[in-house]
Structure formats: structure tokens, C-alpha cells
Amino acid sequence: MGIKLSENCDSKFQSAYITLLSAPFQHRFIFSHRMAAKTKTSAQTDHKEAAINASLSKEDKLDLLREMVRIRKFEQTSLKHYLNGSIGGFLHLYIGQESVAVGSISLLGDDDHVITAYRDHGHALAVGMGMDECMAEVFGKATGCSKGKGGSMHYFAPDKNYWGGHGIVGGQTPLGAGLAYAVKYQGKKGCCLCYLGDGAINQGAFHEALNLAALWDLPVIYIIENNGYSMGTSQARSSAFPEEGLAARAEGYNMAWDKIDGVSIYEIRAGVQKAVERAHNESKPTLLEIATYRHKGHSVADANAEKYRTKEEIKTYMDKHDPIQFMKDDLIAEGILTEEDFKAMNQEAQKEANDAADFAIKSPFPEESEIFDDIYWEVDNNTEAGRTGRHFFHG
Amino acid sequence: MPRQITYREALREGLDEELAHDDNVVIIGEEVAEYNGAYKVTEGLWEKWGDKRLVDAPISEAGFIGMGIGASMLGIRPVMELMFYSFAYVAFDQMMNNAATCRYMSGGLVNCPIVVRGPANGGTNVGATHSHTPENIFANMPGLKVVSPSDAYDAKGLIKSAIRDNDPVYFMESTVLYGQTAEVPSNDELEDGELLVPIGRAKVKREGTDISLIAHGRAVITSLEAAEILAEKHNINAEVVDLRSIRPLDEQTIMESVRKTHRAIYIEENKPFCGVGAQISSMIMEQAFDDLDAPVLRITSADAPAFYSPPIEKLQLPQADEIVERALSIC
Ligand SMILES: Cc1ncc(C[n+]2csc(CCOP(=O)(O)OP(=O)(O)O)c2C)c(N)n1
Ligand SMILES: [Mg+2]
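In this text, all values refer to a predicted model and were calculated from it rather than measured experimentally.

**Student:** Would you mind going over the interface of chain A and chain B with me for this structure?
**Tutor:** Reports of interface size often rely on the accessible area that becomes lost once the parts have come together. Of the residues lining the interface, 46 residues belong to chain A; the matching set on chain B comes to 39 residues. Both faces considered, chain A and chain B share a buried interface measuring about 3,100 Å² in area, 62% of it formed by carbon and sulfur atoms. When the buried surface of chain A facing chain B is broken down by residue, Ile168(A), Ile371(A) and Phe393(A) rank first, second and third, together holding 18% of it. One salt bridge in this structure joins Arg237(A) and Asp56(B), with 3.0 Å as the shortest N-O distance. Connecting chain A to chain B are 16 residue pairs in polar contact (both at pLDDT 80 or more). Contributions of two or more residues to the side of chain A that touches chain B are made by helix H7 (131-138) and helix H10 (235-238) of chain A. Its residues assigned to classes, the side of chain A that touches chain B comprises 17 nonpolar, 20 polar and nine charged.

**Student:** Help me out: how do you make sense of the domain arrangement of chain B in this one?
**Tutor:** Residue and element names in this part refer to chain B. Domain boundaries in chain B define domain 1 (4-189) and domain 2 (203-330). Taking only C-alpha atoms into account, the centre of domain 1 sits 26 Å from that of domain 2. With 29 residues of domain 1 in contact, the opposing surface of domain 2 contributes 26 residues. When residues of domain 1 are sorted by the area they lose upon contact with domain 2, Asn 125, Asn 136 and Ser 150 head the list and together hold 25% of the total. Scanning the region where domain 1 abuts domain 2 turns up three salt bridges. The partner of Asp 154 in a salt bridge is Arg 244, with the nearest N and O atoms 2.8 Å apart. The interface formed by domain 1 and domain 2 holds 15 residue pairs in polar contact (both at pLDDT 80 or more) in total. Residues of the side of domain 1 that touches domain 2, tallied by class, amount to twelve nonpolar, 13 polar and four charged.

**Student:** I tried to follow the packing of helix H7 (residues 218-234) of chain B against helix H11 (residues 320-330) of chain B on my own but got confused; where do I start?
**Tutor:** Describing two packed helices takes the angle between their axes plus the distance from one axis to the other. All names here are of chain B. Across the interface, H7 lies against H11 with an axial gap of 8 Å and an inter-helix angle of 55°. In terms of orientation, H7 lies oblique with respect to H11. Classified by chirality, the crossing of H11 by H7 is right-handed. Residue-level inspection shows Thr 222, Ser 223, Glu 225, Ala 226, Ile 229, Leu 230 and His 234 of H7 in contact with H11, the latter providing Ala 320, Asp 321, Ile 323, Val 324, Ala 327 and Leu 328. When the residues that make up the contact of H7 with H11 are grouped by side-chain class, the tally is eight nonpolar, three polar and two charged.

**Student:** Teacher, can you tell me more about the coordination of the magnesium ion (ligand 2) here?
**Tutor:** Ideal geometry at a metal gives 109.5 degrees between four tetrahedral donors and either 90 or 180 degrees between six octahedral ones. Residues and elements named next belong to chain A. Surrounding the magnesium ion (ligand 2) are the protein donor atoms Asp 198 (OD), Asn 227 (OD1) and Tyr 229 (O), at 2.1 Å. Of note, the magnesium ion (ligand 2) draws all its donor residues from one chain, in the sequence arrangement D-x28-N-x1-Y. Of the two residues, Asp 198 sits in the loop between strand S2 (192-197) and helix H9 (204-215) while Asn 227 sits in the loop between strand S3 (220-226) and strand S4 (229-230), which places them 29 residues apart along the sequence. We classify Asn 227 as buried; its relative accessible area is 5%.

**Student:** Help me understand unusual backbone geometry in this model?
**Tutor:** Both trends apply: most residues other than glycine have a negative phi, and most peptide bonds are in trans. Residue Gly165(A) is reached from Gly164(A) by a cis peptide bond, and omega for that bond is 25°. Note on placement: Gly165(A) falls in the loop between H7 and helix H8 (172-185). Geometrically, the link from Arg247(B) to Pro248(B) is a cis peptide bond, its omega value of 0° lying close to zero. Residue position: Pro248(B) is located in the loop between strand S12 (245-247) and helix H8 (251-261). Notably, Ser283(A) is not glycine yet its phi reads approximately 50°, a positive angle. Along the chain, the position of Ser283(A) falls in the loop between helix H11 (265-282) and strand S7 (286-291).

**Student:** It is not clear to me how the pairing of strand S7 (residues 169-173) of chain B should be interpreted in this structure. Could you clarify?
**Tutor:** Consecutive residues of a regular strand have side chains that alternate between opposite faces of the sheet. Residue and element names in this part refer to chain B. Of all five residues making up S7, five are buried, and the element is well covered by its neighbours. By the alternation rule, side chains of S7 split into Val 169, Phe 171 and Glu 173 and Tyr 170 and Met 172, which are all buried. Both strand S5 (residues 115-119) and S7 contribute to a ladder of five bridges, which runs parallel. Bridge pairing in S7 links Val 115 to Val 169.

**Student:** What's the story with the site of ligand 1 in this structure? I'm lost.
**Tutor:** Among the 21 residues in the neighbourhood of ligand 1, the closest are listed as Tyr118(A), Arg119(A), Gly199(A), Asn227(A) and Glu61(B). Around ligand 1, the nearby residues trace back to chains A and B. In the model, an oxygen atom of ligand 1 is placed 2.7 Å from a nitrogen or oxygen of the Tyr118(A) side chain. Within the backbone of Tyr229(A), one N or O atom sits 3.0 Å away from an oxygen atom of ligand 1. Relative to its free-state accessible area of 580 Å², ligand 1 is covered by the protein chains to the extent of 96%. When the residues that make up the shell around ligand 1 are grouped by side-chain class, the tally is nine nonpolar, eight polar and four charged.

**Student:** Is there a simple way to explain the nonpolar core in this structure?
**Tutor:** Note that soluble globular proteins tend to have their nonpolar side chains buried in a common cluster. Formed by 80 residues in total, the largest nonpolar core has its most connected members in Tyr222(A), Tyr85(B), Phe138(B) and Ile284(B). Setting aside residues up to four positions removed in sequence, Ile284(B) forms contacts with Ile214(B), Ile254(B), Met255(B), Val258(B), Ala264(B), Phe289(B), Leu292(B) and Val296(B).

**Student:** Can you help me understand the state of the cysteines in this one?
**Tutor:** Cysteine pairs can be linked by a disulfide, which is a covalent bond between their two sulfur atoms. Residues and elements named next belong to chain A. Counting across every chain of the model gives zero disulfides over all chains. The cysteine Cys 134 is free of any disulfide, with Cys 145 supplying the nearest cysteine sulfur at 4.9 Å. Judged by relative accessible area, Cys 134 falls into the buried class, the value being 0%. Of all cysteine sulfurs in the structure, the one in Cys 192 sits closest to Cys 191, which takes part in no disulfide; the separation is 7.2 Å.

The rules behind each value
- Residues numbered from 1 in each chain as written.
- Chains lettered and ligands numbered in written order.
- Predicted model: local features only at pLDDT ≥ 70, side-chain atom pairs only at ≥ 80, totals over all residues.
- Heavy atoms only, no water.
- Contact = heavy atoms within 4.5 Å.
- Buried area = accessible area lost by both parts, 1.4 Å probe.
- Salt bridge = Lys/Arg side-chain N within 4 Å of Asp/Glu carboxyl O.
- Polar contact = N/O pair within 3.5 Å; in protein donor to acceptor, adjacent residues only side chain to side chain.
- Helix = DSSP H or I, 4+ residues; strand = E, 2+ residues; numbered from the N terminus.
- Nonpolar A, V, L, I, M, F, W, Y, C, P; charged D, E, K, R; others polar.
- Domains from an automatic or database assignment.
- Axes fitted to C-alpha atoms, helices over the stretch in contact; angles between N-to-C directions.
- Parallel < 35°, antiparallel > 145°, perpendicular 65-115°, else oblique.
- Left-handed = near helix turned anticlockwise from the far one by under 90°.
- Donors = N, O, S within 2.8 Å, 3.2 Å for Na, K, Ca; no water.
- Buried < 20%, exposed > 50% of the residue type's maximum accessible area, 1.4 Å probe, protein only.
- Pairing = 2+ DSSP bridges.
- Near = heavy atom within 4 Å.
- Areas by Shrake-Rupley, 256 points an atom, 1.4 Å probe, with all protein chains shown as cover.
- Core = buried A, V, L, I, M, F, W, Y, C linked by side-chain atoms within 4.5 Å.
- Disulfide = S-S within 2.5 Å.

As C-alpha cells, this is what we get:
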């Protein structure tokens, strides 16, 4: 038997969604099994009282909120510049999902690592990458975090233990196992948080990675950011899974799993912390499923975002399941935030994002000569190996 | 007024006609049905043909393409859409090993009439993972067929032939071409009542006498542009040959052209190392050496992963100016 973590988690998770979802779209969008809805418990308060959250100072809490607001402003600003034509390609926005990256990454230490898919801006800012370098990257500028080579889907910052930014669905999941393998191999007390979507769980590589992680006791934590859809396909139309949910697939690998309601950053921190401790102390993997929602389309190019999801569904999530709104209300109730503070926090983040866009606009494009840089280390560093044999065949 | 339709519409018409022609034809892929296709190639087909003939697949390319190969052994004619051909790499074993070798290893007892189609191009600012051009890689494998239409006419005629073919056909399109129009006759204008372009036949898209620009896919369009510049500004009359099908390959049309013009350049958006052009230039050297007045040149994408930044990525792809310049160097 796999280890089911928090016994009360299910019912609360369930109730939040059942009350949110109106009947017409339940058949298309099912976060959880359709058991009778139980009354909402005081679970939020419970999570807030978990040791990992109880120790948060007032400043820490404001920082968590601020981080989420920064991500949202970054995303809204990049969207604006995509729509005015300064940015092309794909732009997958994280708006609505901010609590997942911010909450989970806030738990990490020096030997913990992060890897994700193409919806990667939130995780990047959460690990401490700057808005300037991130914005410049989507603009394709030389000052971008990957010198304009990777783009929106392919951010990297090894100095911040951030290993991408991966465009191929599921492709990052074996790499996540590999980062955990290396941490363990080197005898460090660390782990890897590997994020993936609810659609990505159907890639074969992910299943192979789960088996390896469980078989070899790798300290990797897979976090399914379940926003209900893979592109235009609802979870119900793309995945076969047991009543308990997607994460319950871990049972088949004898791996611990849990489900978390992503509206509350406290619940995320409490749930992920248990997995981090399991990784650190027992070198064991965990599969987590965090219920979240993307407010925007799959990418900015997704013209059908309001066709496969009803307007009412989107509105319901924006109104009732927005992690920023949720935390803001909570902090106001706690008496450590005022409407004015929140406004100021938004203005500050907006200014930072606008400045980042200005920086990106003013930055130069890369030089043509850079095309052949960063392909082989030996060539870049002009070593003996880099001078032996022909490496490139253009022209 | 001859009928003009887009490359995308041409593909759709071809698919629609084959769905009507054979009950065993089924279209499977991510977002092909309810969403109408990520690039709208299959728009309206789900509405018309329903759940049995158009199937939305989970993001499991190895699984559903492998499934298609298995189903094809029993006579189903699956047409698999890859949202990007770059995603073929997660299904590589199925496409390269199973599809290509079942027939051989069964001593000819097993057929795999599967089509795997989707866009295989760079140049759209989506980064290296989404910009692969694997036509040379798949054409490397005996047992597989690889086609790459450059215009709407061939897109329609070739997709129909691909579906009727009894071997695996990997059909590589281009997102950049989807919106481009060409003259495509409607069925009632055709003697046979339908448009079938045979796989394995090249097409001379522009007749010329001074140099052969041989290409496939979107590079054909770039070559035609270059041919116009060569004619207008340099008084050079270039012939443009569109392979259409990379394997099987129409050697005869290539050699006839080279014997006429005595000079050749192969142009492709593929990478250079063991690219399609490497194969063609070696064949020209072997078969038409005495007819050549200059070495065969190749113009390819830069030998580097696709650069995200748009102005630089543009430079990685073959440009008309570059073709003109290289042509002048041997004319
Ligand atoms: C192997 C592969 N197949 C298909 C795609 C195209 N694609 C990109 S994202 C996506 C949907 C993924 O959905 P999900 O895993 O739920 O993540 P989300 O976008 O919701 O964050 C698809 C089909 C891809 N990038 N890679
Ligand atoms: Mg999703």
C-alpha cells in the first residue's frame, strides 16, 4: 500500500470543488471523485496552524503574498507586450496558479532543486530570478536569462538550483528523478521538486521515472499542477484514474501521495513540507496533486479558451479560487494587511514589471555570431577536444 | 476562375475525402476533434464524422502512435496527427523500430499502413524543442516513406495517396505554409474525379536552363523567390525542382534537370549533417559527374539548435539572398 498522507485532505479538497462547480460543467471538469460533498471543515485554519506555517512571521506572510503578486504582474505585463506584438512564439501564463510555485519553493534550502515544464515563469521568479532577465528572455534579447536562446518555455538558472523550463510535455520528469539521484549520490540532504501538468501524467517517460524514483528511493517530489485541462482537453477526457484522483496512481508504484487544494498557500506549504521531510529524512519520493486553475488560455495563442471552458466556470474560479485573493482576505482578517497595503504592493510589483519591460525593450538582440556558441563546452572553451575534429557543418 | 485554397484547407479536403472513401480511416491526435486541431487542419471534421472517426488523444505519443501501428496491422488506416513533428521523438521507437521493421521481420506477412502527419519546421520563434525537422532522420530508415509537400495542390494529392499507401508514410508539413494558397482543382474539374499525387514523383516547379535549385518543403518557396531574383537581376535562368517525396525519391527528375543545367544546389530547412541534400549531392556526383560544371552545393539551416530570438532565428534558415549568392558563386 502506498502511504496516504493526510486523511482529512480528501474531504476538504472535495468540498471546495463540489461547491465551486455548478452542475453543467462537472462532467467535463472533474478535479476529484464525486463522492457526496462533505461540509467544508475548518481545514484552512488547520493548515495555517501547521508548524511550518505557525512559525511564519508577519513579514514572511507578506513576502509570500508579495511574491505571488509579483508573478501575476510579470505575467500580465508580458501578456500586454505579446498582444502588442513585441513578443512572439508561445507564452504560457501562470496567472491563477501562483500559490503552487511560491508556496512549495518557499520551503526549499540550499541543496534542494527545481525543474518544471514550459509554464515556467512563476517558478523562475519564485526561485529568485530577476524580472529583468526573465522579461528580456521572452523578448528574445541578449540580456535574457538564456541570452535570448531559450525563450518563454526554456528558462534556466543553475545558480538558483533551477534546471528549466522544458518544452516537451513530460520531458522534465526523468530529469527531476536525475537531479534527486545526484543529490543522493553526493550524500546531500536535499530533494528535487519536479512540476508537471495534469496532461503530462500520461507521458510514458513519467511512468518510467515514477518507477525509478520509488525503486531507487530518490528524493524527488512530483507536483502535478492540476489546472483541470491539458490545452483544450479536460482531465476527464485525457486521463483514466482511480476515484481518489490523479496522484493515487502513485499506489501502483508503492509511493506516497497526497492531494492539496492550491487556493491556500498554507495548505500547499503544509502538504509539500511533509514530502520534503520524507525526501530529506528517508530519501523517498512523493507524488502530489495540487488543485489549481489557469485564468487564461493554454497559451496566449489559445483562441478557444472560453469554448472548452464555460465563461461561468472561469469566473467562478477567478472569484472563488484565486490564491492571491484568498491570501489577501486571510491577511486582512488576521489584521496584518489593509486594502491600502495591498494596493501599494500591487503598484510596486507593477512598477517592477514595467521597468523590466523597459529594460527588455531597450536591450539589444543577440548577435548573429552567437548562433554557434553554447553548443559544445569544449568548443566554447577552446580546449584541445574543442579543436579536434570538425564540430559544425554549416556552409 | 481557378479555385484557390490554402494548404490547410487542402489537407482538410484530402482527409475528409479519405474518411469518406474508406471506413477504416481514423484520425487520432491531440486536440484534433473537439478543439478542431491545434493548427485547425481538422476543423469541422469531428462535427461531420463524429467520435469514432476523429479521436482526441491524451499527450501519449508513444502510446497512441504505437497503438495506431498495431491497429494498422489489422487493416485500420490510422492518420496520426503530431501537434509538432518535434514530438515524434517521444514516439521514436514506435515510429522507427516497429513501424519500419514489422513488414521485413515477418517476411512480408505484416503491413503497417499508418500515416503520421504534422508540422516539421522552424522559423516560428518557439525555441529549439519545438523546431525540429526530422525528415532526413526518418528517411534514413528503409521501410519508411517520407513526404513533404510545399503547396496546397501537393498537400491534398499527397495526403490522399499517403492514406492509401500500404506502408508507413511520415507526412511533414509546415505551420508557415498552412495559410498559403495555391490553385487546387475541385473534383468535378478532374478527369478521375479526385486528386491523387503519386508518392515518389518530383515536380519541376519552374523550368530553367542555367542551374538546378532542388529542394523540399518550404525551401521550395524560398528557392522560387531566389529564382526570380536570379532571372531579374542576374540574367540567370534557374530551374526549381520540388522533391515532394524524399523517400521514395525521384532520381530521374533530379538527374534530368542536372544534365540540362550542369549546376545544382540543394536547399532545405533541415540540418546539414547527413541531411537530405547530402544524399542528393552524393547521387549527383555518382551519376552525373561528367555533366557537372561546378561542385554541387548545399544550403541548409544553420548547424545549431533553433535560436528563440526571432531576428537571429530568421538568419538560421535558408534565405533567398543566400541562395542567390551561392548560385552566383558557381554560375
Ligand atoms: C510531447 C509533447 N506533446 C505535445 C505537446 C504540446 N503541448 C504543450 S502543453 C500541452 C498541454 C499540457 O497540459 P498539462 O500537462 O495539463 O499542463 P498545463 O499546460 O495545463 O500547465 C500540450 C499538448 C508538447 N509540448 N510535448
Ligand atoms: Mg493542465
